[in-house]
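Fold and geometry: a report
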Amino acid sequence: MDQSSSTQTCAYQYTVKRGDSFYLIAHRLGVSLRDLLDANSSIPPSRLTVGDVLCIPYGEDVQTPAGDGNTQGGSTGSDNSNCVCPETPTEPDTPPQPETPSEPETPSNVCPPNRRTVVQEGQTASDLQLRYDLSYYTLQSANSDKDLEALQSGDVVCIPENNLPCNLPTTVTLQENETLETVAVTYNLPIASLLRVNPCLAPEDFTAGVTIRLPN
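What you see is a predicted model, and the numbers here were worked out from it, not measured in a lab. (Residues numbered from 1 in each chain as written. Predicted model: local features only at pLDDT ≥ 70, side-chain atom pairs only at ≥ 80, totals over all residues. Heavy atoms only, no water.)

Looking at the secondary structure, you find I56 in strand 2 (residues 53-57). Here the alpha-carbon distance between I56 and Q13, two residues 43 residues apart in the chain, equals 5.8 Å. (Helix = DSSP H or I, 4+ residues; strand = E, 2+ residues; numbered from the N terminus.)

A few words now on helix 1 (residues 22-29). When you tally the buried positions in helix 1, you get 6 out of 8 residues, the bulk of the element. If you check which residues of helix 1 are buried, you get F22, Y23, L24, I25, A26 and L29. Where helix 1 is buried, its residues meet strand 1 (10-15), helix 2 (33-39), strand 2, helix 5 (180-186) and helix 6 (191-197). After helix 1 finishes, the residue G30 shows a positive phi value of roughly 75 degrees. (Buried < 20%, exposed > 50% of the residue type's maximum accessible area, 1.4 Å probe, protein only. Contact = heavy atoms within 4.5 Å.)

Looking at the chain as a whole, the pLDDT averages 77, with 73% of positions reaching at least 70. Below a pLDDT of 50 lies the segment residues 1-6, which in the model reaches 11 contacts outside its immediate sequence neighbourhood of four places, other chains included. Overall, residues 74-92 carries pLDDT values under 50, and its contacts beyond four positions in sequence, including any with other chains, amount to 44 contacts. (pLDDT = per-residue confidence, 0-100.)

Below, the structure is given as structure tokens:
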């Protein structure tokens, strides 16, 4: 999607319900997870809450839920009742060139200037992982001087070009606020692989206290 556009034309709007996640919504409505995230870049995936209104982008297989009163703006037919999502912050798909600092920087890590990005308001480490397709281990290794769980607007983060090899544990026990999606992002694993090696768990069963297997 062209990030320079200030608006995104939607097939319709969807109001988030209890138990929803970006992955489940994308799977249910027949849109790609990446397109759904890009169409709603102002909503951090880790902070999706009940009542949030999402822009559902057009797609070949996009489906409109029928009869649940959870959509606005009509279907993808020929009528002109398309919704327009709220303006979202413009952010490039590739790490931007750094702003010229007023004072010389003395970073503890050596990071090429063209691999640095400035954290936006509300942006989390998980959001950066999703945007740049990085594992948590890789991002933490490149930013060992920072607490990735306490990023603030204006922080400068190094974005490595490639993921580092990492030995995965056999099993992990999910902590508070961890979900199928956050585990996939943390360990740089396909969601399908996680579901395959945990055949007794549905996507919404990945909750705090549950011990899951990780694929080899």
